[in-house]
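Structural overview for review
So you can see what is in the structure, the chains are spelled out below.
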Amino acid sequence: MHAKGYFTDTLHRKIADKVSTKTYDCARCHMPMADNMDALINGEARPDKNNKTHADAVSCYFCHTIAYVKTAHKFNINTKSRQAENYKPTLYGRLNNPDESDKHSSVNNPVYAKKVCMGCHSHKLNDNNVTVFRAMTKEQDSLSCIKCHMPEVEGGVEKMDKRARGQHASHKFLGIHDKEFRQKGVDLEVSAKDEHLTVTLTNKMEHPLIIQPARAKFLKITVLRNGKVIWQNFINDPKEDKQGYFAYRFFKGGHPLIIPAEATKGEVNNLAAMETKTLSYKTPHLKKGDEVTVGLYVQLAKSDCAGVIDLKENLLTQPQLIKEVKVVLP
């Protein structure tokens, strides 16, 4: 996922261009190797696919040369290490006694267990002090990210594993795009009796259920009797179920705003890290044999966002199942 940037991530590019076709303020995190960063941010230059430092997205080299992360109110700042000219570069990581290489020096840096993920994945506020996204708190460290998104896998990470390590941290950076991985982040429990149906949703992740403002997660609930739908939590649009639709909403001057760069107010229906929430629904009188299906879905580009940026229907706009529970009433 870190290899996806302005030129290969359609959703990001369309949102960035909707915000501005002159400046590219997103470059700090989405094009961090750019050799003309200031020019991109202030509008003197545009992303150039022929510039290798633009096309590299979030490269291995970038992440492994972060010296420390400066925390700030609007967004955190990655501070890169200075590399001596005409000497092989120094790369940082978490390994004790790292392997030697003729291409670079390797050094253990404590920031990689503490703050390295927080440079880009912590939070972002716009110029009106409105939170655009927030994934981490100041009290968290990178170990909580690494535990899930970079789990230990079998084998050494290098083709020539000189120290014969039995495991290494996966660098696939699995997340919501991976079908198996996304099932692990939530638990669903369903109970139904008489005219009442409850869904208990537990966020097992160490970040909120919703982070990105373009994204939505929602419940789809149906009750079948003899193969026919007798009740469902929405008819046409999952936003009809306000308690079961998890997403950001932004406003400017009291009017809804989809792209939050200029928002003056924001709100979100969310589950905090490790939070459990029980949602209650009133249904027709339920009978023995009724089948209740509850699914939690993700829409990587929610419908109103896709409409504003003219994103054609594809996997980004189609709801994708995260987890599903079926119950037949005894």
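Just above sits the structure.
Computed from a predicted model, the values in this text were never measured in an experiment.

**Considerations on the overall build of the protein**
Per the secondary structure count, the protein includes 10 helices and 18 strands. Projected onto its principal axes, the C-alpha positions of the protein cover 75 × 50 × 35 Å. Buried residues in the protein amount to 40% of all 330 residues. Contacts in the protein between residues at least 24 apart in sequence constitute 60% of all its contacts with a sequence separation of at least 6. For the protein, the centre of its 50 positive side-chain charges and the centre of its 38 negative side-chain charges are spaced 2 Å apart.

**Thoughts on the nonpolar core**
Most often, soluble globular proteins keep nonpolar side chains buried together rather than apart. Ranked by internal contacts, the top residues of the largest apolar core, which has 39 residues, are Val 199, Leu 201, Leu 219, Ile 221, Tyr 281 and Val 294. If you list the elements that add at least two residues to this core, you get strand S9 (186–193), strand S10 (196–203), strand S11 (216–225), strand S13 (245–252), strand S16 (276–282), strand S17 (291–299) and helix H10 (303–308). The leading source of residues in this core is S17, at four residues. Setting aside chain neighbours within four positions, we find Leu 201 in contact with Val 186, Asp 187, Leu 188, Leu 209, Phe 246, Leu 271, Glu 275, Thr 276, Lys 277 and Leu 296. In terms of nonpolar packing, the next biggest core, distinct from the first, is built from 16 residues, Met 33, Tyr 92, Val 116 and Phe 133 among them.

**What about helix H1 (residues 10–19)?**
In an α-helix, one turn spans 3.6 residues; hence positions three or four apart end up facing the same way. Burial in H1 covers these residues: Leu 11, His 12 and Ala 16. Down the axis, H1 shows its buried residues gathered within 125° of arc, on one side only. Against the buried residues of H1 lie helix H2 (27–30).

**Describing the pairing of S10**
Pairing of S9 with S10, which is carried by eight bridges, proceeds in the antiparallel orientation. Opposite Ser 191, over in S10, you have Thr 198 as the bridge partner. Where S10 meets S16, seven bridges bridge the pair, whose relative direction is antiparallel. Across the sheet, the residue bridging to Thr 200 is Thr 278, located in S16.

**A closer look at the state of the cysteines**
This structure, assessed with the given rule, holds one disulfide. With its sulfur 2.4 Å from that of its partner, Cys 29 forms a disulfide with Cys 120. Its S-S torsion of approximately -105° makes the covalent link between Cys 29 and Cys 120 left-handed. With Cys 29 in helix H2 and Cys 120 in helix H7 (residues 118–121), the pair connects residues that are 91 residues apart, well separated along the chain. Take Cys 29: its relative accessible area is 24%, and that puts it in the partly exposed class. Cysteine Cys 117 shares no disulfide, and the gap to the nearest cysteine sulfur, in Cys 145, comes to 4.1 Å.

**Some remarks on the pattern of salt bridges**
Enumeration according to the criterion identifies 14 salt bridges in this entry. With its nearest N and O atoms 2.9 Å apart, the salt bridge here joins Lys 282 to Glu 195. Here Glu 195 lies in the loop between S9 and S10 and Lys 282 lies in strand S16, a separation of 87 residues in the sequence. By relative accessible area, which is 60% here, Lys 282 ends up exposed. Residue classification places Glu 195 among the partly exposed positions, given a relative accessible area of 31%. Residues Glu 267 and Arg 249 are paired through a salt bridge, measuring 2.7 Å at the closest nitrogen-oxygen approach. Here Glu 267, found in strand S15 (residues 265–268), pairs with Arg 249, found in strand S13; they are 18 residues apart in sequence, far enough to count as distant.

**Section: the layout of surface pockets**
Volume-wise, the second largest pocket comes out at about 420 Å³. Lining the second largest pocket are 18 residues, and of these Lys 239, Tyr 245, Ala 247, Tyr 248 and Arg 249 lie nearest its centre. Every element with two or more residues in the lining of the second largest pocket is listed here: S13, strand S14 (255–257) and S15. The element best represented in the lining of the second largest pocket is S13, accounting for seven residues. When its residues are assigned to classes, the lining of the second largest pocket shows 11 nonpolar, one polar and six charged.

**Structural notes on the environment of Val 107**
Along the chain, Val 107 falls in strand S4 (residues 105–108). Judged by relative accessible area, which is 37%, Val 107 ranks as partly exposed. In this structure, the C-alpha to C-alpha distance between Val 107 and Leu 125, residues 18 residues apart in sequence, is 33 Å.

Reading guide: rules and limits
- Residues numbered from 1 in each chain as written.
- Predicted model: local features only at pLDDT ≥ 70, side-chain atom pairs only at ≥ 80, totals over all residues.
- Heavy atoms only, no water.
- Helix = DSSP H or I, 4+ residues; strand = E, 2+ residues; numbered from the N terminus.
- Buried < 20%, exposed > 50% of the residue type's maximum accessible area, 1.4 Å probe, protein only.
- Contact = heavy atoms within 4.5 Å.
- Lys, Arg positive; Asp, Glu negative; His and termini not counted.
- Charge placed at Lys NZ, Arg CZ, Asp CG, Glu CD.
- Core = buried A, V, L, I, M, F, W, Y, C linked by side-chain atoms within 4.5 Å.
- Arc of directions from axis to C-beta.
- Pairing = 2+ DSSP bridges.
- Disulfide = S-S within 2.5 Å.
- Salt bridge = Lys/Arg side-chain N within 4 Å of Asp/Glu carboxyl O.
- 1 Å grid on protein atoms, 1.4 Å probe; cavity = no way out; pocket = protein on both sides within 12 Å on 5 of 7 lines; lining within 4 Å.
- Points joined across faces, edges and corners; volume = space filled by probe spheres on them.
- Nonpolar A, V, L, I, M, F, W, Y, C, P; charged D, E, K, R; others polar.

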